[in-house]
Amino acid sequence: MSSSPFNAGHAQVFQPGRLTLGFMTPFGHHGGAMADIQETTRLAALADALGFAALWARDVPLMIPQGSDKTASALDDPFLSLAALASSTRRIAIGAAAIVLPLRHPLHVAKAALTLDRISNGRFILGLGSGDRPEEFASFGEALDARGDAFRNRWPLVRAALSPDPLERQALTDATGGYDLMQPPTARIPMVVVGSARQSLQWTAANADAWASYHREEARQQGRIHLWHQALDQKAAGERKPFVQSVQLDLLADPAAPAEPLELGLRTGRIELIAYLQRLQAMGVGHVLFNLAQGSGRAPAEVLREIGEQVLPRL
């Protein structure tokens, strides 16, 4: 691993001994309708002002029905969306969670990541996944069964391009016949594996700067974090690289409302949410990425304000 320092986005999201919070964008968006871009950028500025750590965007190439409700997500291009969020904010990190690497050329991914890091003044974090929708792989002419190999084989070229270290960057110029994409970044751009990416935990521990996984029942999640720490001991000399968890959240207006499970998350009031996040912090979770659910019908701005003013100070 290079000794080059990370960019400002890494410092904002991954703070040793502290749990930080972020949001998937568009905020509270579900279904086939496109989100209002102006509303999303207004909410992004609010999240920035409230002190949240990160805003994230998904890579969903095709509108394919998924989930228990068979909803198809209609989403803008993640790199362009994040550029708009970067331009409407000043401090908060912006991240991709996650770019489907087997469906994109690694040089295109690297060029976009380097550009976003410049636009955001060093606030960009690149999350990468292997994808899981057979229809997308067929449409892009890629083999679904080979996505694990494609992910692993394309990773080093992106890694080389996102590093300021001349030795690490040699892999990029070797692949391009001596040509660079653009000027090297001034600091290392973090690369996060999202989900399994069809790699072993040992591979992820050795190659990624953090691992992002999904919400699970707490005892199961504690087991996953234990396995992550074991892999770090084996492949990263014990370095405690961050563990990131996503949470589908329906925050109820009643602060004392009890917690109940949702698919990949929970419905709860503020008091139980604080207790839950404190338990996650004790387990070793470094960053929680909220995906706002619409069950309670609350406006996203109201939810952001409650979490920012009443929850963040308790972490």
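In short, a report on the structure. (Residues numbered from 1 in each chain as written. Predicted model: local features only at pLDDT ≥ 70, side-chain atom pairs only at ≥ 80, totals over all residues. Heavy atoms only, no water.)

### Focus on the pairing of strand β10 (residues 287-292)
Consideration 1: Across the six residues of β10, six count as buried, placing the element largely inside the fold.
Consideration 2: Because side chains alternate across β10, one face comprises the buried residues His287, Leu289 and Asn291, and the other comprises Val288, Phe290 and Leu292, equally buried.
Consideration 3: Here four bridges tie strand β1 (residues 20-25) to β10, and the two strands are oriented parallel to one another. Opposite Gly22, over in β10, you have Leu289 as the bridge partner.
Consideration 4: Here strand β7 (residues 243-251) pairs with β10 via six bridges, running parallel. Along β10, the bridge assignment pairs Leu249 with Leu292. (Buried < 20%, exposed > 50% of the residue type's maximum accessible area, 1.4 Å probe, protein only. Helix = DSSP H or I, 4+ residues; strand = E, 2+ residues; numbered from the N terminus. Pairing = 2+ DSSP bridges.)

### Side note on the packing of aromatic side chains
Consideration 1: Under the defined criterion, the tally for this structure stands at eight aromatic pairs.
Consideration 2: With a centroid separation of 5.7 Å and 40° between ring planes, the pair formed by Phe151 and Trp155 is classed as tilted. With Phe151 and Trp155 both in helix α6 (residues 147-161) and four residues apart, this pair spans about one turn of that helix.
Consideration 3: For Phe151, a relative accessible area of 0% translates into the label buried.
Consideration 4: Classification of Trp155 as buried rests on a relative accessible area of 2%.
Consideration 5: Centroid distance Trp211 to Trp228: 5.5 Å. Interplanar angle 45°. Geometry classified as tilted. Separated by 17 residues along the polypeptide, Trp211 in strand β6 (residues 210-213) and Trp228 in helix α9 (residues 218-235) bring together distant segments of the chain. The exposure classification of Trp211 matches that of Trp228, with both residues buried.
Consideration 6: A connected cluster of aromatic rings, assembled from ring pairs, spans Phe23, Phe27, Phe52 and Phe290. (Phe/Tyr/Trp six-rings, centres within 6.5 Å; stacked < 30°, edge-to-face > 60°.)

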